[in-house]
Amino acid sequence: MSTRYTGARITRNEDPALLCGRGLFVDDIHLPRLAHAAVLRSPHAHARIVRIDPRRARAAPAVLAVLTHADLGALGGPLPRLIPHPALVHHKTQQALASTTVRYVGEAVALIVAESRYAAEDALDLVDVEYAPLPAAVRLEDAVAPSAPLVHEDAGTNVCARYTQRVGDVERAFAGAPRRFRDRLVMDRGTASPLEARGIVAAWDPRARLLEIWDSTQAPIPIRNGLAAMFGLPQTNVRVVAPDVGGGFGPKVMMFYPEEILVPLAAQRLGRPVKWIEDRREHFVATNQEREQIHDAEIALDETGRILGVRTVFLYDAGAYCPYGLIVPIVAGTTLPGPYRVPNYHCEFTAVFTNKTPVSPYRGAGRPHGVFVMERLLDRAAHDLGIDRAEIRRRNLIQPDEFPYDVGLIYQDNAPVQYDSGDYPRCLGRAAEMIGYADWRAQQETYRAAGRYLGLGVACYVEGTGIGPYEGCRVTVEPSGKVFAATGVGTQGQGHMTAFAQIVADHLGVTPRDVTVRTGDTAAFGWGTGTFASRAAVVAGTAVSLAAEAVREKARIVAATLLEARPDEIELADGKVFVRGVPSRALPLGEVAAAANPLRFAMPREWESPGLEATRYFAPPRGTFSNGVHACIVEIDPETGALSLHRYVIVHDCGRVLNPLIVEGQIHGGVAQGLGGAFWEKLVYDAQGQPLTTTFMDYLLPTAADLPSFEVGHEETPTPLNPLGVKGAGEAGVIPVGAAIAQAVEDALRPFRVHITEMPLSPSRVWELVAGARRSA
Amino acid sequence: MKLEGTNTLPASVDTVWKTINDPDALRSCTPGLKELKATGPDTYQATLQIGIAAVKGTYAGTLSITDKRAPTHYKITLEGTGGAGFMKGEGSVDLEAQGNGTLLKWTGDLQVGGLIAGVGQRMLGGVGKMLIGQFFKCLEERLGGSA
Amino acid sequence: MKPAPFEYHCPRTVDEGTALLAEYGDDAKVLAGGQSLVPLMNMRLARPANLIDINRIESLAYIRDDGRTLRIGALTRQRATERAPQVSERCPLLRDALRLVGHAQIRNRGTIGGSIAHADPAAELTAILVALDGEVTARGPKGTRVIAARDLFVSYLTTSLDPRELLTEVCFPALPAGAGWSWMEIARRHGDFALAGVGVVLAARGGTIATARIGLTGVGPTPVRPAEAERLLAGRSPSEDLWKGAAEAVRAAVTPDGDIHASAEYRTHVAGVLTQRALREAWERVREAA
């Protein structure tokens, strides 16, 4: 296989259409007689539904249907539980519409379908609902107290799970340790804020008995299978398409959101296609959130700064329901040891229900928390032991000759956390060089002398990626010579149309522009699990490669028959198939494809099947581990707490890079989200569980005007776990940002002895910390 | 949100007590109160149209007076639901003679939920305080001529 | 987020506009730039039965400079004002503050009159109008009247304009010759509402401050004009101590609300810090102009 395109920095196949407004998003789907839905949502964080009367709404002009729980029949039960876990004692999921109790502001109570969204929203006011408000469990630490109001009365507790992972003997390690440091670390709630909120269009053909869905989801195949089961239809009678999706970041993987049941049901009942497009305000309450954890963490070291043990006990806010199980806290706990040797480790978490929007993974999925805790503990140790913070890290890094390195934990895929490859010291060294670590102290002094407070932060991480169970791909060459690759993962901006095309192009001797990649359509490819957990390039990418390789072999066999040569003499290049050394005897690839599908006469036995087409699957036995180091320079104005980001350096290793342009895009986006979570983005709920930040006026996303340019260094230690050598890179950018910023801010404010243990910060909070430190000085 | 304040009113404790229990006074001084219909002793059905500038919401609910200890103390609760959300204001009022007038001390808890809370957090506290201030200003004017 | 039903009207002249306002008054809202009103309507926080779109009243868009005052038609776009040479020349304080109003895209639609009439407690233009003792002209059923800035802003999002009045013109006095100015604000992001903002004008006379004007935003329901701080500065020689004293006086003059973005203590503190820095910069400009 040539590597002309794999690894090349080429522009993306998908961009011309997207940039010219010719993309196809769910809201671009227009069908004849399309009706529009709006959802009536609970205004209370916790309440009993005393009475619900839809009659006035049903009588309103242009209203076609109003569904309440009473209308759902067999579909009124709790929605499916994804990813059960033995420790998850109370695996609560919501109903498609609330029946007796609402448990978070935004929970769906009724669905209105009308001729237009305007009319549907008019009718929302006409549904008479009487609520009896109940006390709400809001703050995480309050919700876990025995006296807290119960989110689920029948559970008898707000604790849905307790889980501990252990390595070695942490009690003994701490007992004998010369140095111990402890901190309470808090990260607050955030939301992914994709450019496109959720949306779904459903159409039911009663004659063909076909249910067709367009859904802004990251996992169309599980949705298809789940809907088929729920609606009693054969899987082949349900088609789910995730068209262009304007960002996913995790919260668009669910099975199901209520609307994913309600809209198809309404389409079936009405006999008309129905569209529901989530508006931004709804998104802030009705789409899963994440990020709230409180860690009580300790580190034990010897006098040289070697880690003897780490212990963390943390609270995890699950929200009102926990459909997605315990993935986030498990990932947090297994990411925490990072690139360091941690011989003894204890990680214990309590997952807690609160009367807030349910929680499921958001880019990073707990890794940012693990890294924040570990890096803050190391910084604390470095400071108190008088060891340079890069040096203390160097002393603890796993060395390049120690792979495969068994951390001793079980990852989210139920396989051991075993680092397969990497060069951690090299990444740290490169980041330090890029940021100018060596003469930072001298630079800093110069700034301080001029009355300016600048700081440098550096943070390391290891990221589990590329987990199973599997993905697949079918590659087909058509008689035109154009190549088509279909896979089950969805695409929300990751550049699959290009990266996968590059892989196919190299196998088949065509250009990436000749390869059309189809993702997210269950009718095009019906086996797969979805795009999440930084796995698409690894798992689907490898399947793409295996399928393309198989097509190449088939092309050689067919061409051998046609050119009267041996298959091992056949080459593919520049869109042609020829005998090696005899380029004049070439056939266009398309002709070979046409010839492979004869209309008459017998087909040669060695062809085995018609056409140039192959389907392959890849099922990795375990994940592969990427890593990286971020370094940044910030400036703080102690009088106003204002933060300026001067430089941001990312060194990352995701194994073999398929397309540096795409990987950089992923990293830039992740870092932007990480910086948002460090200084701007915070979901705030009041004491009654009312969300106070439901517009972008108050939930602050940093813009290009607020962020610096990013400097990216690529390192590549290919993984032995797949033939491409690739590791995942989807979430990398966001993971260590909070840790790096916390260290940088602390470094900037060292004269004031401020200690950062929370994310996000804000000018007001930074000023408070400075003023507080001044007072206690 | 928790709010509190004190106002000096130019009338005797008894006069002030009568006024703050008088549905007429409550109807004319409560900002945005469009309708107040007695449904029982010290309980009223209320319709409020309240907001600031273009942002207005209609709330239907109740006003009730409880924990009466004439003539110096009561609790007043005004709550309502509407399209823009719901609100609940609970106030505790204490009267104290001060010279020729009355010192009125109040503490309150104002809860606002729904759309308004999610969008207007920037101004809710200030507007809440302002509306309560309007209430007392109106009372003051009402009592000004009857000291 | 679709608005509730409304009637749409599109007057072509000021008279048509005021006639519509006279008829629909309480149940109408004027649509100018729409950057504040349209989101409120789409979220159904505002449900005016009548929307009076004044964007076709071309006679309301102008900038007239008579040497002492900038008369700006209510419909003049913020971006046009920001870039107008007369504004740069007569009132650079206005230009500098406009650059921080939202983003350029917002300023392409937002209008000067709209911003003033909307009276957001964290707006820049309202503070400048108050600091400079500007005024507005409004036309209603009772005729035309002029309202001084100090009488215009009543509370959050509330002016003394009658619902039947149409704001037609905003007047900003020109800065005195040789004066220094500065606008400083703190916002969480580029273009956000100010957590606190200060505009300062220092008129000089031979090395000392003749008069000082200060206007603050984001520190209360309406813009604040700290009289005590201005008094402290008048007639004095500039010094770091003087700026510090003025900053303290400003802190004593403001009672901001706290919210989830910044506490009241922070805003009070920062109002002082910004005042200090703005005074320093304004005096630098006095020196440069000399």
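Position numbers for residues count from 1 along each chain, tracking the sequence in the order it is written. Whichever chain is written first is A, and whichever ligand is written first is 1; the rest continue in order. With pLDDT at 70 or above as the cut-off, local features in this predicted model cover only qualifying residues; side-chain atom pairs require 80 or more to be listed or tallied, and sums for whole chains, interfaces and linings still use all residues.

## Here we look at the overall build of chain C
Rules: Starting at the N terminus, helices and strands are each numbered in turn, a helix being any DSSP run of H or I of at least four residues and a strand any DSSP run of E of at least two. All radius of gyration figures rest on C-alpha atoms, and the globule criterion is 2.2 Å times the number of residues raised to 0.38. Each residue is classified by how many other C-beta atoms fall within 10 Å of its C-beta atom, where C-beta atoms are placed from the backbone; a count of 20 or more means buried, 12 or fewer means exposed, and values in between mean partly exposed.
What chain C contains, in helices and strands, is 12 helices and 13 strands. For 290 residues, the compact-globule estimate of 2.2 N^0.38 gives 19 Å, and the C-alpha radius of gyration of chain C, at 19 Å, lies within 12% of that figure. For chain C, the spread of C-alpha atoms along the principal axes amounts to about 60 × 45 × 35 Å. Counting every position in chain C, which comprises 290 residues, the buried fraction comes to 52%.

## Things to note about the pairing of strand β20 (residues 483–487) of chain A
Working note: regular strand, side chains alternate between the two faces of the sheet. Residues and elements named next belong to chain A. What counts is decided by this rule: Pairing between strands is defined by DSSP: at least two bridges between them are needed. Throughout, right-handed denotes a crossover for which the path from the first strand over the helix to the second runs clockwise when the strands point away from the viewer.
For β20, the buried fraction is high: four of the five residues fall into the buried class. Sheet topology places strand β19 (residues 471–477) next to β20; five bridges connect them, and they run antiparallel. Bridged to T476 within β20 is F484. Hairpin connection from β19 to β20: five residues lie between these consecutive antiparallel strands, with G481 at a positive phi of about 95°. Across five bridges, the pairing between β20 and strand β21 (residues 515–519) is parallel. Opposite F484, over in β21, you have T516 as the bridge partner. Note that the unit made of β20, helix α14 (residues 496–508) and β21 has a crossover that is right-handed.

## Some words on the sheet that holds strand β18 (residues 453–465) of chain A
Sheet strands pair by backbone hydrogen bonding; their relative direction is either parallel or antiparallel. Residues and elements named next belong to chain A. What counts, and what does not: All axes here are fitted lines through C-alpha atoms, helices being fitted over the stretch that makes contact, and every angle between N-to-C directions spans 0 to 180 degrees.
If you trace the four strands from one edge of the open sheet to the other, you get β18-β26-β27-β28, paired in mixed fashion. The strands lining the two open edges of the sheet, one partner per strand, are β18 and β28 (710–715). Each strand of the sheet is rotated relative to its neighbour by a mean of 15°, with strand direction disregarded.

## Some points on the interface of chain A and chain B
Spelled out, the test is: Throughout, a pair of residues is in contact if the C-beta atoms placed from their backbones lie within 7 Å. Residue classes follow a fixed rule: Ala, Val, Leu, Ile, Met, Phe, Trp, Tyr, Cys and Pro count as nonpolar, while Asp, Glu, Lys and Arg count as charged, and any other residue, Gly among them, counts as polar.
With 12 residues of chain A in contact, the opposing surface of chain B contributes 10 residues. Residues that form the side of chain A that touches chain B fall into these classes: three nonpolar, five polar and four charged.

## Overview of the nonpolar core
Residue and element names in this part refer to chain A. As a reminder of what qualifies: The term nonpolar core refers to a group of buried residues, namely Ala, Val, Leu, Ile, Met, Phe, Trp, Tyr and Cys, whose C-beta atoms join them within 7 Å.
Core analysis: the largest hydrophobic core is formed by 384 residues, its most contacted members being A37, I112, V113, A266, V504 and V745. When residues in this core are grouped by element, the largest group, 15 residues, is from helix α15 (residues 536–563). Once residues lying within four places of it in the same chain are set aside, the contact partners of A266 are A37, A65, L67, L111, V113 and V274.

## Structural notes on the interface of chain A and chain C
The interface is formed by 24 residues belonging to chain A together with 17 residues belonging to chain C. Listed by contribution, the elements that provide at least two residues to the side of chain A that touches chain C are α3 (117–124), α8 (280–286) and α19 (763–776) of chain A. A per-element tally of the side of chain A that touches chain C places α3(A) first, with four residues. In terms of residue class, the side of chain A that touches chain C is built from 10 nonpolar, five polar and nine charged.

## With respect to the sheet that holds strand β5 (residues 73–82) of chain B
Residue and element names in this part refer to chain B. Read from one edge of the open sheet, seven strands run β1-β7-β6-β5-β4-β3-β2, paired in antiparallel fashion. Of all strands in the sheet, those bounded by a partner on one side alone are β1 (2–9) and β2 (33–40). Between one strand axis and the next, the sheet turns by 25° as a mean value, whatever way the strands run. Inspection of the sheet shows strand β4 (residues 55–69) paired to β5 by nine bridges, in the antiparallel sense. Pairing of S64 across the sheet is with T77, part of β5. Against the sheet, helix α4 (residues 121–144) engages β1, β3 (43–52) and β7 (101–113), with an angle of about 20° to β1.

## A closer look at unusual backbone geometry
Residue and element names in this part refer to chain A. Here the bond from M255 into F256 is cis, since omega is 5°, no more than 30 degrees from zero. With respect to the element layout, F256 can be found in the loop between β11 (238–241) and α7 (258–270). In this model, F403 is joined to P404 through a cis peptide bond whose omega is -5°. Tracing the chain through its elements places P404 in the loop between α11 (389–396) and β16 (405–410). Phi at F249 takes a positive value of approximately 65°, unusual for a residue other than glycine. Its location among the elements puts F249 in the loop between β11 and α7. For F249, a count of 26 C-beta atoms within 10 Å gives the class buried. Of note in this structure, A533 is not a glycine but carries a positive phi near 55°. With respect to the helices, strands and loops of the structure, A533 is situated in the loop between β21 and α15. The class of A533 is buried, set by 26 C-beta atoms lying within 10 Å.

## Some words on the domain arrangement of chain C
What counts, and what does not: Domain ranges listed in this record stem from an automatic or a database domain assignment.
Each assigned domain of chain C is listed here: domain 1 (7–53), domain 2 (58–173) and domain 3 (180–289). The centre of domain 1 of chain C, based on its C-alpha atoms, is set 36 Å off from the matching centre of domain 3 of chain C.

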